[in-house]
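Examination of the molecular architecture
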Amino acid sequence: MSFSECPRCRGLWYAGEDRCRLCGLSSDLAAVQTARPPTNEAAPGAFPGVRPPDPSWATPSSRPAGPPTGYGPPSPTGYGPPPGYGPPPGYGPPSPTGYGPPAGYGPPPGYGYGPPPGGVLPSKRRRKINPLHLGVFVASAVLVGLIAFNVVLKQRSPQYPSAWDPRVASIADWVSSARGLPYKTPVFVDFLSEAEFTAKVQQPTANPTDADRQAAEQTEGYFRSIGLLQGDVDLLASTSTLRGSGTLAFYSTTTKRVTVRGTDLTASVRVTLAHELTHVLQDQHFNLTVHGGSDKAGPSDVLRAVAEGDAVHIEHEFVKQLSEADKTAYAKETEAGYSQFEQTTSAVPDVLRAAFGAPYILGEPFVDFLYATGGPESVNEAFRQPPNSLAAMAYTISYLERRPDYPPEPPAASGTVVEDGTFDAVQLFLMLSARMEAHDALRAVDAWAGDAFVAADAAGKVCTDIAFAGRIDGDMGKNVDRYKELSDLLTTWATAMPAEAGATVTFDGTRLNLRSCDPGTAADQKIQGQPSQNLAVIVVRIYAMGSSMKAGNSAAKAQCAATGFVNAYTVEQLRDQSSTSKEEVQQKLTETAAACPV
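In the structure shown here, the tally under the stated rule is two disulfides. Paired by a disulfide, Cys-463 and Cys-517 hold their sulfur atoms 2.0 Å apart. Its torsion about the S-S bond being 105°, the disulfide of Cys-463 and Cys-517 is classed as right-handed. In this pair, Cys-463 sits in strand β8 (residues 461-470) while Cys-517 sits in strand β12 (residues 512-517), placing the two residues 54 residues apart along the sequence. Take Cys-463: its relative accessible area is 8%, and that puts it in the buried class. A relative accessible area of 11% means that Cys-517 is categorised as buried. In this model, Cys-560 is linked to Cys-596 through a disulfide, with the two sulfur atoms separated by 2.0 Å. One quick way to see it: the torsion about the S-S bond of Cys-560 and Cys-596 is about -95°, and its sign makes the bridge left-handed.

Encoded structure:
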C-alpha cells in the first residue's frame, strides 16, 4: 500500500482514501491547503489533528465495563508472548509473577544501565517526569542515585582500558557480531564482592530526613489518588528492596563501566554480561544519556525501554548458542533467582514492581517486533528517532506511521506541585485496569492522543489533575471518535473510585479533564488483582501484530487483527504461553485478520 503525507498533520495518508486517518482532513481541502509542520497549539475548540467530540455527551455516561464475550475459563498463571511468535523457549522459566525481568538481569539501580547510586545531594529543582519513570516512586534518599548523580560526576571524565578484560572478551566479541555494531572502545568491567555490590545498588533508608519522609508521603498520596496504591506503605524501603533484588550486573552511562556481582562466571553471569555489553554498544553508538537540564540525566522512559528490549533480545540470542549443559545450569540459576526475588519483594506494592519491570515488559516485545519486521536497522532507527511515548510502543501502528501526539495545556496546580509532566497511555492503562476489564482499558491506549498532568499537595492532601486529548482514526475501517470512548472509560473508573477521592470527569470543549484526590490510607481502593499483570494484553498484542505483518498483512490490518486476537483470550490465558498451541495462535490470527475491514 502506498502513502503520501498529510499537509495538515504530516501523518501518512493512505492512497485511495478521501480523508486523512489521523486528523480527518478531506482530500478536497488537502488539495488547496499549504503544507505546514504539526503544532501543539490548539485552534479554538479543537486540537490540530484531533476532531472535537460531540458536545451532546459533555456529561459522559457511567456504563459499567464488563468483560468481552466468548471468554473461556482462566488458565494457570505464567507470562509470555503467544507461542506463535516472540522469543523462543529454552532460556529459563517464566517469572512466577507473570511480569518483570528475570533475576539474571533484573532492574539494576535506576534503569538497568543506569548510574551507580551513592553519596550525592538531591537537586532542589522541580522535575517534570513521566509517572512510569522510576524516580517518581521514591523520595530524595533514593532519588539521588537516579537523577542527581550527573551534577557531581559529570566533571570526572570516564576512563577506558586498552583492551577487554580477558574474562569478558569473548562475550564482547559475540555481542558485537550479533548486534552488527563494533565497539568504539573497550570498557572496564568491575567484579565486586557480594557486600560491595549490595552497598552500591541499595540505598540506605535507616535515617531518612524530614524532607525524605514528606516526599515519600506525597508520592504515596499521588498513587492513592489515581487508585494504584492501597493503605500506608513505606516507599523508601520498598524501592531500596527492589533496587538490589535479583540484580547481577549493571552498566553506568556516567562512568562507562560495567559492575558485576561476584567473581564467578556462572552461566547467569555470562548471560547478564551479554545484556550489559549490549548497553555498552548502544551507548557508544546512540548515546543513552539524555540530558534534561543540569539536575537530571539518564535515558528517557522510551529510550530506556528500547534499550532494555534490545539488550534482552541479544541476551536471548546468546542463551540459544550456549551448550546444553550451560542452558540447563542457566535455567536452574534463573529459577532459583526468581524464587529469591519473589520472597524478597513479596511486600513491595504492585505499582512499584510494575515501574521497575516496565522497560523490560514493553521494550522486549517492541524490539522483537522491529527485528521481526525490519531487522537490526529498524532497531537502530528506533534509537535515532525513538517513539513519541510509551503509548506509541503499545499502539504500534502509531509508531510505524509516526503519528504525532497532541498534549493539551497542563492543568493548573491546586497547591504545592508534587509531580507534573506527561501521564502517558501506559500509566493510564494500569490505572484503568485496576477497576475494569483489561481489554476495555486497552481501548484507552488506542484512544489516547496526548495528555498533561499535575499532582499537587494542598494542606496535606494530594490531588491529581490530568487533561487528555482523544484522537480519531480509522484502523477498524471507519473513523471512530475516540473522545467519547475515552470519556466513558474514565467515567467508569471514576465511578468505581472511593467516594473520598471525589473523582470527576469533565469536558471543557477541547479536552477531557480528570480530577481525583487521595482518599486516605483507610479507604478501600478495591483494586482488582495486580494491574501490572494486565500488561500481558499489551505485550501479546505487539507480538501478534508482528506475526500478522510477517504473514503479509498491512500495518493497519495487522493492528486490527492483533487487537481482535487479544480480545479472544482472557488475561490469564494470554499470560500462560503453554495454554495455546502455535497452530491455534496462527489460526486465530488468520481469523481475526479476515474479520478486519481494512
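Here the focus is the packing of aromatic side chains. Within the structure shown, the criterion is met by eleven aromatic pairs. Ring centres of Phe-565 and Tyr-569 lie 5.1 Å apart, and the angle between their planes is 50°; on these two criteria the pair is classed as tilted. Judged by relative accessible area, which is 2%, Phe-565 ranks as buried. What makes Tyr-569 buried here is its relative accessible area of 6%.

Okay, the pairing of β12 next. The buried fraction of β12 amounts to five of the six residues, a majority that puts the element mostly inside the structure. Relative to β12, β8 runs antiparallel, the two being bridged by six bridges. Paired with Ile-466 across the two strands is Leu-514, which belongs to β12. Sheet topology places strand β11 (residues 504-507) next to β12; four bridges connect them, and they run antiparallel.

Let's shift gears to the nonpolar core. One finds Leu-428, Leu-432, Phe-468 and Leu-490 to be the most contacted residues of the largest nonpolar core, which totals 117 residues. Among residues more than four places away in sequence, those in contact with Leu-432 are Ala-441, Ala-444, Leu-489, Leu-490 and Trp-493.

Here we take up the packing of helix α7 (residues 267-286) against helix α9 (residues 324-344). Two numbers describe how α7 lies on α9: the axes approach to 8 Å, and their chain directions differ by 90°. Put simply, α7 runs roughly perpendicular to α9. For the pair α7 and α9, the contacting residues are Ala-267, Ser-268, Arg-270 and Val-271 in the first and Asp-326, Ala-329, Tyr-330, Glu-333 and Thr-334 in the second. For the contact of α7 with α9, the residue count by class is four nonpolar, two polar and three charged.

Let us now look at the side chain of Gln-525. Here Gln-525 lies in the loop between β12 and α17 (536-550). Exposure remark for Gln-525: the relative accessible area of 1% places this residue in the buried category. Discounting chain neighbours no more than four positions away, the residues touching Gln-525 are Arg-224, Gly-227, Leu-229, Gln-230, Arg-435, Met-497, Pro-498 and Pro-519.

Parameters and conventions
- Every chain's residues receive numbers from 1 upward, in the order its sequence appears when written.
- Whole-chain, interface and lining totals are the exception, using all residues; otherwise, since this is a predicted model, local features are given only for residues with pLDDT of at least 70 and side-chain atom pairs are given and counted only at 80 or more.
- Hydrogens and water molecules were not included; the side-chain quantities draw on all heavy atoms of the structure.
- Sulfur atoms of two cysteines make up a disulfide when they are within 2.5 Å.
- Elements are defined by DSSP. Helices are runs of H or I of four residues or more, strands are runs of E of two residues or more, and each kind is numbered from the N terminus.
- Summary of the burial criterion: residues with accessible area below 20% of their type's maximum are buried, those above 50% are exposed, and those between are partly exposed, where the area comes from a 1.4 Å probe applied to protein chains only.
- Only the six-membered ring of Trp is used, alongside the rings of Phe and Tyr, when aromatic pairs are assigned; centres must lie within 6.5 Å, and planes under 30 degrees apart are stacked while those over 60 apart are edge-to-face, with the rest tilted.
- Note: two strands are recorded as paired if DSSP finds a minimum of 2 bridges between them.
- Among buried residues, those of type Ala, Val, Leu, Ile, Met, Phe, Trp, Tyr and Cys that are joined through side-chain atoms within 4.5 Å constitute a nonpolar core.
- Note on definitions: a residue-residue contact is assigned when non-hydrogen atoms from the two residues lie within 4.5 Å.
- Angles shown run from 0 to 180 degrees and are taken between the N-to-C directions of axes, each axis being a line fitted to C-alpha atoms and, for helices, limited to the stretch in contact.
- By definition in this entry, angles of less than 35 degrees are roughly parallel, angles greater than 145 are roughly antiparallel, angles of 65 to 115 are roughly perpendicular, and the rest are oblique.
- Basically, the charged four are Asp, Glu, Lys and Arg, the nonpolar ten are Ala, Val, Leu, Ile, Met, Phe, Trp, Tyr, Cys and Pro, and anything else, Gly included, counts as polar.

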